[in-house]
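Take a look at the letters that make up each chain.
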Amino acid sequence: MSKIDQFKTLLTEGQIYKKDFIVLGTGILDGEAITNTHIKIPLKTLNRHGLIAGATGTGKTKTLQVIAEQLSLKGIPSVLMDLKGDLSGLAMPGESNDFILKRSATIGVDYTPQGLPVELMTISNEKGVRLRATVSEFGPVLISQIMELNDTQRGVVALVFRYCDLHHLPLLDLKDFKRVLQFVSNEGKEAITKEFGQVSAASVNTIMRKIIELEQQGADRFFGERSFEVNDFVRTKDGKGVISIIRLTDIQSRPKLFSTFMLSLLSEIYETFPEQGDADQPKLCLFIDEAHLVFSSASKDLLDKIETIIKLIRSKGVGVFFCTQTPTDVPDNVLGQLGLKVQHALRAFTAKDRRAITKTAENYPDSPFYKTSEVLTSMGIGEALVTALNEKGIPTPLAHTLVRAPITRMDILEDSEIRGLVSNSQLASKYNQEIDHDSAFEILERKMEQVQRDQDKATLPGPPPRSGSRTKQDESLLGELSKNTMVRQMGRTLFRELARGILGSFTGKRR
């Protein structure tokens with residue numbers, strides 16, 4: 001048996017599936033693509049998550065685009081976090097040319113350009129369906145982790161949430177959160193102390209600064225109403241899965257907002273979706289481009305939360321795929337949970353780069369046809385090392401793969417095309433209206449205004465008091481003065497001086 005036949009046999013026997021799959025490309029041996037040696041990814045194990053990695057310009061974003069296309073054609077919706085702005089082209093058909101036709105023929109797949117159902121979304125100032133969440137939906141634990149609070153400060157946040165629950169003060173946006181913190185440390189301090197104990201002013205001030213830091217990164221536009229319902233991600237149109245593209249091009253310099261949004265999205269999906277069990281295909285797939293932004297600024301608590309959700313969310317039929325430059329950008333505990341690995345070329349310019357390549361090569365199955373560390377540095381654009389999990393959960397043979405070309409546009413949409421998509425969106429009309437319901441801020445403001453009015457009434461002049469009588473206002477004033485330390489000290493000094501003068505007159509002494 002020739003080497004090519006051995007190669008084909010290895011891939012064929014390692015990719016025997018009873019259920020449906022997608023074709024990512026064809027195998028490459030000794031630098032030559034082997035036609036119809038398809039590299040297949042089973043739908044059944046796509047909820048085991050995945051990684052798409054590679055140096056800048058190696059084609060990893062186009063691989064992400066191809067996978068999202070093939071899922072849509074199978075009726076599986078997906079969510080794409082687009083930080084570079086180059087995924088909106090999924091809405092329009094690609095352009096056929098000789099290079100793409102030749103590549104498709106080499107792989108052994110048809111090339112039929114077509115646009116796919118796309119929903120443009122945003123958490124910032126980009127055009128699209130507005131995604132929001134309320135502070136209450138985050139809860140005290142998650143909001144504390146995002147702000148990286150210590151145990152004492154977390155206790156204050158938990159107290160605030162509890163107080164708001166008991167007194168029916170909805171926490172919808174950051175304005176509400178700040179107003180309740182001001183109330184806790186000022187007007188409501190006495191009531192809070194009686195009900196929950198003393199609250200540290202220093203802790204309240206620290207929490208307030210953390211909220212302002214979130215606001216400076218644009219979180220004030222994210223927190224509020226109307227809250228997005230994650231079930232709206234799970235839609236099909238004409239039998240194709242809807243691709244929800246969250247446009248994040250203007251928050252690359254605000255990683256805390258990005259990680260806040262991503263974690264809230266994963267948490268909401270996990271809490272909302274029912275258990276799916278062992279299904280034949282995922283219910284939803286999430287692709288997180290530039291994933292290093294999530295992990296580089298995350299605290300240990302936040303990383304632990306992400307790791308926990310990644311472990312558990314697959315039971316909901318959800319697959320999460322991280323797209324980044326090197327696998328080392330993803331924490332080891334998360335990396336160990338990933339089933340699909342698509343590794344584009346890495347570049348070795350420094351000793352650190354070479355060590356990273358050696359470490360990356362160790363994370364892939366051994367292959368009799370490749371020396372992984374050498375292939376990692378020699379692959380061309382649009383080529384990748386691929387291994388997935390078969391339907392029994394066993395890694396498929398490692399394959400140097402020529403990835404198929406996207407059938408949608410490999411470029412961004414023009415502004416007029418973006419406006420057309422948003423104007424025709426049913427979700428935009430549902431979520432883009434600004435809503436500011438009666439919440440904690442308004443309720444506390446009215447309460448303080450009422451207190452002020454009552455105080456003003458109490459200080460209005462009344463009828464003159466009868467001679468020799470003392471009014472309640474006088475008694476109140478005397479009571480307040482008696483509590484004043486300076487007044488008491490002056491009184492004691494005056495009493496001593498009077499006493500000395502009187503005693504001196506009795507004894508005939510003069511001071």
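Residues numbered from 1 in each chain as written. Predicted model: local features only at pLDDT ≥ 70, side-chain atom pairs only at ≥ 80, totals over all residues. Heavy atoms only, no water.

A.B. asks: Any details on helix H5 (residues 151–166)? Residues and values, ideally.
C.D. replies: The end-to-end C-alpha distance of H5, which contains 16 residues, comes to 22 Å, matching closely the 22 Å that a straight helix rising 1.5 Å per residue would cover. Residues of H5 that are buried: Gln153, Val156, Val157, Leu159, Val160, Phe161, Tyr163 and Cys164. Two to three positions downstream of the cap, the backbone nitrogen of Thr152 sits 3.1 Å from a side-chain oxygen, assigning the N-cap of H5 to Asn150. A positive phi of about 55° marks His168, the residue just after H5. (Helix = DSSP H or I, 4+ residues; strand = E, 2+ residues; numbered from the N terminus. Expected span 1.5 Å × (residues − 1). Buried < 20%, exposed > 50% of the residue type's maximum accessible area, 1.4 Å probe, protein only. Polar contact = N/O pair within 3.5 Å; in protein donor to acceptor, adjacent residues only side chain to side chain.)

A.B. asks: So, the packing of aromatic side chains: which residues are in play, and what are the values?
C.D. replies: Counted by the stated rule, this structure contains 12 aromatic pairs. Ring centres 6.1 Å apart and planes at 55° place the aromatic pair Tyr17 and Phe21 in the tilted group. Judged by relative accessible area, Tyr17 falls into the buried class, the value being 12%. With centroids separated by 6.0 Å and ring planes inclined at 35°, the aromatic side chains of Tyr163 and Phe183 adopt a geometry described as tilted. One end of the pair, Tyr163, is in helix H5; the other, Phe183, is in helix H6 (residues 174–185), and 20 residues separate them in sequence. Residues Tyr163 and Phe183 agree in their burial class; the two are buried. An aromatic cluster of three or more residues is present, and its members are Phe7, Phe369 and Tyr370. (Phe/Tyr/Trp six-rings, centres within 6.5 Å; stacked < 30°, edge-to-face > 60°.)

A.B. asks: Describe the pattern of salt bridges, listing the residues and the values that go with them.
C.D. replies: Taken as a whole, this structure holds 19 salt bridges when the rule is applied. One salt bridge in this structure joins Lys44 and Asp278, with 3.4 Å as the shortest N-O distance. Here the residue Lys44 occupies a position in the loop between strand E2 (32–42) and strand E3 (50–53), and Asp278 occupies one in the loop between helix H10 (255–272) and strand E10 (284–289), the gap between them amounting to 234 residues. Overall, Asp278 belongs to the exposed group, its relative accessible area being 64%. Residues Lys311 and Glu307 are paired through a salt bridge, measuring 3.1 Å at the closest nitrogen-oxygen approach. Separated by 4 residues within a single helix, Lys311 and Glu307 lie in helix H12 (residues 300–313), roughly one turn from each other. Classification of Glu307 as buried rests on a relative accessible area of 13%. Counted as one network, the salt bridges with shared partners bring together Lys19, Lys44, Asp278 and Asp280. (Salt bridge = Lys/Arg side-chain N within 4 Å of Asp/Glu carboxyl O.)

A.B. asks: Which residues make up the nonpolar core, and what values do they have?
C.D. replies: Ranked by internal contacts, the top residues of the largest apolar core, which has 131 residues, are Phe177 and Phe322. With 8 residues, H10 is the largest single contributor of residues to this core. Excluding residues within four positions of it along the chain, Phe322 makes contact with Gly50, Leu51, Ile52, Ile288, Ala291, Phe295, Ile310, Val330, Val334 and Leu338. (Core = buried A, V, L, I, M, F, W, Y, C linked by side-chain atoms within 4.5 Å. Contact = heavy atoms within 4.5 Å.)

A.B. asks: How would you explain the side chain of Gln153 if you had to name every residue and give the values?
C.D. replies: Mapped onto the secondary structure, Gln153 falls in helix H5. Residue class for Gln153 comes out buried when judged on its relative accessible area of 10%.

A.B. asks: For the pairing of strand E9 (residues 243–247), give the residues involved together with the corresponding values.
C.D. replies: Burial of E9 is extensive: 5 of the 5 residues sit out of reach of the surface. Of the two faces of E9, the one lined by Ile243, Ile245 and Arg247 and the one lined by Ser244 and Ile246 are each fully buried. By the bridge criterion, 5 bridges tie strand E4 (residues 78–82) to E9 in an arrangement that is parallel. Each residue of the ladder has a partner; that of Ser78, found in E9, is Ile243. Relative to E9, strand E5 (residues 118–122) runs parallel, the two being bridged by 5 bridges. Bridge assignment links Leu120 to a residue of E9, and that residue is Ile245. (Pairing = 2+ DSSP bridges.)

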